[in-house]
Every structure is written in structure tokens, then in C-alpha cells.
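Residue-level structural notes
Spelled out from the first residue to the last, the chains are:
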Amino acid sequence: MPAHAGIGLRAQHHLEVLSESPKVAWFEAHSENYFAAGGARVQILDRIRERYPLSLHGVGLSLGSTDPLDAEHLANLRRAVERFEPQLVSEHLSWSSVGGRFANDLLPLPYTDEALRHVSARIAAVQDALGRQILIENVSSYLQFADSAMPEWEFLTAVAAHSGCGLLLDLNNIYVAAHNHRFDALEYLHAIPRGAVQEFHLAGHSRVRHGALELLIDTHSTAVCEAVWELYRAALRRFGAVPTLIEWDSQIPPLAELVAEADKANALEAQLHAHAA
Amino acid sequence: MPTLRELQTRVLGAVLDGEDAAELIRAGGLTPSERLEVYANNARINFTESLRLGYPVLLRLVGEAYFDQCARAYRMQCPSRSGDLHSAGAAFAAYLGELHTGGEHRYLADVAHLEWLCQESLMAAEHGRLDLARLAEVAPARYESLRFKLHPAARLFASDYPAREIWEANLATETEPPLIDLAKGGERLLLMRRGGRLEFHRLSPGEHAFLESLAAHAAFAAAVEKGAAAADAAAAFDAAAVLRRFVAAEAIVDFS
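**Notes on the overall build of chain A**
When you go through chain A residue by residue, the secondary structure sums to 9 helices and 12 strands. In summary, chain A has a C-alpha radius of gyration of 18 Å against a globular reference of 19 Å for 277 residues, a match within 12%. Along the first, second and third principal axes, the C-alpha set of chain A runs to 50 × 45 × 40 Å. Relative to its 277 residues, chain A shows a buried fraction of 48%. A sequence separation of at least 24 residues applies to 78% of the contacts in chain A between residues at least 6 apart.

**Thoughts on the interface of chain B and chain A**
In this assembly, 41 residues from chain B lie in contact with 40 residues from chain A. For the side of chain B that touches chain A, the secondary structure elements donating two or more residues are α1 (4–17), α2 (32–54) and α6 (106–123) of chain B. Residues that form the side of chain B that touches chain A fall into these classes: 22 nonpolar, 11 polar and 8 charged.

**Here we look at helix α5 (residues 152–163) of chain A**
Residues and elements named next belong to chain A. Taking 1.5 Å of rise per residue, the 12 residues of α5 would be expected to cover 16 Å, and the 16 Å separating its terminal C-alpha atoms lies within 8% of that figure. All of the buried residues along α5 are E152, F155, L156, V159, A160 and S163. Along the axis of α5, the buried positions cluster into a sector of 135°, meaning they face one direction only. Here the buried face of α5 lies against α4 (113–130), β7 (135–137), β8 (166–170) and α6 (171–181). Taken from the residues just after α5, G164 is the one with a positive phi, measuring 80°.

**Quick word on the packing of α6(A) against helix α8 (residues 226–239) of chain A**
All names here are of chain A. Between α6 and α8, the least distance of the axes is 9 Å, while the angle of their chain directions is 115°. For the pair α6 and α8, the sense of crossing is right-handed. Contact with α6, carried on its side by L171, N172, I174 and Y175, involves A227, V228, L231, Y232 and A235 of α8 and no other residues of that element. When its residues are assigned to classes, the contact of α6 with α8 shows 8 nonpolar, 1 polar and no charged.

**Comments concerning the packing of α8(A) against helix α9 (residues 255–276) of chain A**
All names here are of chain A. Their axes nearest at 10 Å, the elements α8 and α9 cross at an angle of 45°. Taken together, the axes of α8 and α9 lie oblique to each other. In the crossing of α8 with α9, the sense of the turn from one axis to the other is right-handed. Contacts between α8 and α9 involve W229, Y232, R233, L236 and R237 from the first element and A265, L268, E269 and L272 from the second.

**With respect to the nonpolar core**
Membership of the largest hydrophobic core comes to 140 residues, with the highest contact counts inside it found for V159(A), L171(A), L202(A) and A112(B). Here this core takes 9 residues from α6(B), the largest share from any one element. Two domains each put at least three residues into this core: domain 1 (1–99) and domain 2 (123–256) of chain B.

**Points about the confidence of the model for chain B**
Detailed reading of the predicted coordinates is not advisable wherever pLDDT falls low. In this model, chain B carries an average pLDDT of 94, and 100% of its residues clear a pLDDT of 70 or more. Of the two predicted TM-score estimates for the complex, the pTM is 0.95 and the ipTM is 0.96.

**Describing helix α10 (residues 220–230) of chain B**
Residues and elements named next belong to chain B. Within α10 the residues assigned to the buried category are F220, A223, V224, K226 and G227. Projected onto a plane normal to the axis of α10, the buried residues spread over an arc of 160° and lie on a single side. Relative to its buried face, α10 has exposed residues pointing more than 90 degrees away, namely A221 and A229. Against β1 (148–150), α9 (205–215) and α11 (239–248) lie the buried residues of α10.

Procedures and definitions
- Residues numbered from 1 in each chain as written.
- Chains lettered and ligands numbered in written order.
- Predicted model: local features only at pLDDT ≥ 70, side-chain atom pairs only at ≥ 80, totals over all residues.
- Helix = DSSP H or I, 4+ residues; strand = E, 2+ residues; numbered from the N terminus.
- Rg over C-alpha atoms; globule rule 2.2 N^0.38 Å.
- Buried ≥ 20, exposed ≤ 12 C-beta atoms within 10 Å, placed from the backbone.
- Contact = placed C-beta atoms within 7 Å.
- Nonpolar A, V, L, I, M, F, W, Y, C, P; charged D, E, K, R; others polar.
- Expected span 1.5 Å × (residues − 1).
- Arc of directions from axis to C-beta.
- Axes fitted to C-alpha atoms, helices over the stretch in contact; angles between N-to-C directions.
- Left-handed = near helix turned anticlockwise from the far one by under 90°.
- Parallel < 35°, antiparallel > 145°, perpendicular 65-115°, else oblique.
- Core = buried A, V, L, I, M, F, W, Y, C linked by C-beta atoms within 7 Å.
- Domains from an automatic or database assignment.
- pLDDT = per-residue confidence, 0-100.

And the structure:
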């Protein structure tokens, strides 16, 4: 996967991507959107895949859940991985279901030894089933559990060490969580080992006021804000250039606007690279 | 300290059912219930949005407010059972049918059912044509016990209302849809996908019963019997002609 900026692939841009072949380094598709056994949608991704490197990014595996792994979901993911041969496959450090019922949202885990053992074993099981390494993404969060015994960055680092997964650092999620839980985003970045990070996500968020407090919500509905671009600079300095995704999947803008955001990420990377040389 | 299982059970109860899980959440700033409400709200929005994507024509017919109200009530009865939200709307048409039993809006459930079948058809697996040479090798004595297989994208539909006409008229978002007389009667349909596009074949009662029987894995003789029993009294059920028609339409694609 090229260490440049790619964009999230959305169905409304499918035909334009095929007809215009926009200049972006790669595309990331939500795995679940291409679970279909056949039909036009998966055929379009076949054609896009012929022209661009691809990452499959899952939102529904509920890796941290104490329910058994969903065998059907995993089989669908495996079929998609075999069909599209993505360079990267990723999922979230979160859970979404208990007793077969799903919230279909990315709920945070308590950062305890039990949760660490559990989610690491599940990630290892998924990697075994897919026959490849996957990347695990840190999520935005709006609550912390009273029983958490370590900070998120320590938990995330330990998950990578225990399971052998790579890390997908979502810089917007770090920014959102740092604001919501009042920690230092740079402390988070500097606690993550250099070699573990294989992808960055950049996205926009929204602000919701609760009385005197403002909560940041990870909505993916706007451009990347200046503070997150600043965090991206810090991440580039620490981890070097890795594939970077512009994630914008709600109130989706024209394709050209997404490409412009990716160009901006590439320009920042080139600037830092030139400066360092 | 609760186990991970206990914690997840209580937090999901708070997110989906509004139960209390305050003591599990770290204090400070917002209250625990305000924090949990962010997730509860996301869960509601994600569920409703998946239904809106799955039923765009129904959404257009009833408007956002009533659609969302139905979606919320449906979710209480049929919460999401998968990490893949695409399947969350599978029972929505049946739910609407119960909601409008006997009422003047009964047709809405049929339009919703048709929309869902269209989605299923568009996402189903590919399959080649029936191998006619292989069929020709079958001894006539075996015909009656053959089990024909429908294309994975084939779906059967029946309604007392002009559901397809309503569906088609409300697909476009720019134009004002025409008035359609609900009393004009319904139809039976075979949905197919060819070259990535949906195709609709009108079916006689006999053809519909015959294909439904094949779809339920009945043997050829039993399916012909069902077809003949359902056929209009005026028209005899010509099993060979019906078989040829649906093989040509690539709806019947295999046998065993």
C-alpha cells in the first residue's frame, strides 16, 4: 500500500471513480458494503480494485464482544478478502453486541486485563481465519469505564503486542477522545511504538454542547479541522509516512472535495519530508 | 468489579433499553446517562438510516416523520441481530403488514416487500444458464422427480395492489409521481437480475404457484400439480411451455 493519502469509497462516487479515474493513491471501502455474493456493486469494486490499491475496513465484527464471534460475518469478510485481495484489512478496538443484539455502534472497552486478554484472543482468531494480519483502529469515545486500569494508549499497544495485529491510528479519534476525556493527544501519540502503526485516518467531527461542556462527536461529516492536521504533522514526525485515509461518510461532498483533502495530506507529508531531508 | 460480560450486558441494556448503568461510568463533566445517551442516539440513527437506505421508495411514499416513527417501533420489536446493518430491515415489510392489517394502507407493506426483494435480487450470487445438453441426457422416466433450481437472484412476488407500478412511479426523486388507482388490482411477478439490472416478468396464477413450488425444492411433478391447480380454469397449464419460458428467461438455471 503506498504511503500516501487515499479516500473512503462511497457508493455515490462509484461511477465517477470509474469514469474519471481520480488521482488518489488508494481507496478504502467499508467491508460490510461489499458482502454481497454478486451483482453490480461488488462488480464495480472489482473494477476499481483493478486500478487502485484497496483497504477493506470493517465496522461490524464486534471484536471486543463477549458473544461468540459471528461466524457468518467472518465468513462474509473472508469471502470479500479473497475476492478483492485488499492490501490492508482493518477493524475497530470496540464492541457492539451482547446476547445477539447489536447497537451497531463502536462502544469502547473497559481497559482491564480481562478485556485485554479477551480482545487480543479474538483478534488473533480473526487473523487465523483470514490467514493474514489485520490492523486495529482506536475509536472515538464519549465515556470511560470506572474500572479501567490503564490509559487507552497502553491498552492499544498491549493489544498489538498480544495479538500480533498492526495499528490503524485514527488521529481524529485521538483528538476527540483527548478533548472528551481531558488527556493530552501528544502523550497518546508518543506512547505508541513506532513500528506498530501501518495506517492513519483523518476525519471531521462535530461539537455538541451539554450545559457548560462541549462534547466532540466523531461524525465524519465535515472537513478535517486544523487541530487534527496539526496532530497529523506530529504523527508524521513520529511514525514517518504511512497510508493515510480521508474519511468522510456522512453529508458526503463531491468527489473532487475528497480528492482535495487527500492532496492536502500528501502536501503536508511532502513538506515535512523535504524539511527533514 | 463486574466481569466484561456483566459490564457489556448492562451497558447494552442502557444503550438499547434505557436501563441504568451509571455506576460503571467514570464520573466527571457530563452525567453517565448523558454519556450513554450519545451511544443510544448513534444506535437509533444508524438503525433508522439503514432502513432509509433499504426502503427509499417507502420513505418517499410516507414521508420522513412517519417512516422514522415506524422504524423506531419496528426496532423495539426486531432489534438488529447482526453487525452488518444491511440485514436489519429484513422483517420491516412484514411488520408494516401487521401494523396495517385490513387498513387502507395495506399496500404499503407490499411495496416495502417488493423493495426488499429488489435489494436481495441485486445482491444475490451470479449463476450461469441451464445446461440444456445435460438436461437432454436425462431419461424421460426421471423427469417427474427432477428438482429444478431457480437463479439465486430470482424472487417471487404477489400483491392485491399495483405494487410494482407504485414502486416504479416513486423511484425518481425529481418528478411528482402520478396518481395510481389502488383498486385496479394486483399482479404476480418474477423478479430477475440480468446484466446488473432488475427485470420483472408477469406471472399467471399457475406459473406463480409452479415457481413457488420449485423455489421450495419440490420435484417437477409436484410443482406441475401445484401450477395446474392454481391455473385459471380457462387456460390449461402447459408445463413444457412454462419450463421453456423460464429456462429462456434464465430463471431456472440448474437441476438435480
